[in-house]
Amino acid sequence: MSVTNSDIAFVKELFSGLGPLTHRKMMGGATFYCDGQVFAILSSEGEVFLKAKGGFADAMVDAGSRIFGMNGKTMGYWTLPEDALDDPELATDWARRALDAL
């Protein structure tokens, strides 16, 4: 399965508080950029992940996030907390925290 244009539009709307975003489709999913910085991915299954490391990754774990993995390898992306999936203000807050931690 691969992401659709409406999936991409959903993510852009979810993080609209960040301002204009760009994206690039890859491996069935999409990568999202804010001011040229990668901060999120959309998996081919439609899950939204934020790039996280250090203390911010710990905060993601505390919020119940799961790490992204592919072909048996994990990467530094964590699922957007469930309560932020239908709350653009909360999603944008998490995204700003991700960007600040990068």
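In case you missed it, the structure is sitting above this.
Here we summarise the structure given alongside this text. (Residues numbered from 1 in each chain as written. Predicted model: local features only at pLDDT ≥ 70, side-chain atom pairs only at ≥ 80, totals over all residues. Heavy atoms only, no water.)

1. A few points about the packing of aromatic side chains
For any pair of aromatic rings, the description rests on two quantities: the centre-to-centre distance and the angle between the ring planes.
No. 1: Counting across every chain of the model gives 3 aromatic pairs.
No. 2: With 5.4 Å between their ring centres and 75° between their planes, Phe15 and Phe39 make a pair best called edge-to-face. With a gap of 24 residues between them, Phe15 in the loop between helix H1 (5-14) and strand E1 (21-26) and Phe39 in strand E3 (residues 37-42) connect regions that are remote in the sequence. The two residues Phe15 and Phe39 agree in class, both being buried.
No. 3: When the ring centre of Trp94 is taken as origin, the NZ or CZ atom of Arg97, which lies over that ring, is 4.5 Å away. (Phe/Tyr/Trp six-rings, centres within 6.5 Å; stacked < 30°, edge-to-face > 60°. Helix = DSSP H or I, 4+ residues; strand = E, 2+ residues; numbered from the N terminus. Buried < 20%, exposed > 50% of the residue type's maximum accessible area, 1.4 Å probe, protein only. Lys NZ or Arg CZ within 6 Å of the ring centre and 35° of its normal.)

2. Digging into the side chain of Ser65
No. 1: Position of Ser65 among the secondary structure elements: in the loop between helix H2 (54-62) and strand E5 (67-70).
No. 2: Accessibility expressed as a relative area gives 8% for Ser65, which makes it buried.
No. 3: A polar contact of 2.6 Å, which involves the side chain of Ser65, links it to the backbone oxygen of Thr79.
No. 4: Residues in contact with Ser65, not counting those within four places in the same chain, are Met60, Trp78, Thr79, Leu80 and Pro81. (Polar contact = N/O pair within 3.5 Å; in protein donor to acceptor, adjacent residues only side chain to side chain. Contact = heavy atoms within 4.5 Å.)

3. Comments concerning the nonpolar core
No. 1: The biggest cluster of nonpolar side chains holds 26 residues, and the ones touching the most others in it are Phe15, Phe32, Phe39, Leu50 and Leu80.
No. 2: Only H1, strand E2 (29-34), E3, strand E4 (48-51), H2 and helix H3 (88-101) provide two or more residues apiece to this core.
No. 3: Examining the composition of this core, we find that 4 residues originate from one element, H3, more than from any other.
No. 4: Other than its neighbours up to four places away in sequence, Phe39 contacts Phe15, Leu18, Leu21, Phe32, Tyr33, Cys34, Phe49, Leu50, Lys51, Ala95, Leu99 and Leu102.
No. 5: One finds Tyr33, Val38, Ile41 and Phe68 within the second-largest nonpolar core, a separate group that totals 6 residues. (Core = buried A, V, L, I, M, F, W, Y, C linked by side-chain atoms within 4.5 Å.)

4. Describing the pattern of salt bridges
No. 1: Considering all chains together, one arrives at 1 salt bridge under this definition.
No. 2: Glu47 serves as the salt-bridge partner of Arg66, at 2.4 Å between the closest nitrogen and oxygen. You can see Arg66 sitting in the loop between H2 and E5 and its partner Glu47 sitting in the loop between E3 and E4, a full 19 residues away along the chain. (Salt bridge = Lys/Arg side-chain N within 4 Å of Asp/Glu carboxyl O.)

5. Things to note about the pairing of E3
No. 1: Taking burial as the measure, the 6 residues of E3 include 5 buried ones, the bulk of the element.
No. 2: Of the pairings in the sheet, the one linking E2 to E3 comprises 5 bridges and is antiparallel in character. Opposite Ala30, over in E3, you have Leu42 as the bridge partner.
No. 3: The turn joining E2 and E3, which pair antiparallel and follow one another in sequence, is formed by 2 residues; a positive phi near 50° is taken by Asp35.
No. 4: Relative to E4, E3 runs antiparallel, the two sharing 3 bridges. The partner of Leu42 across the bridge, within E4, is Val48. (Pairing = 2+ DSSP bridges.)

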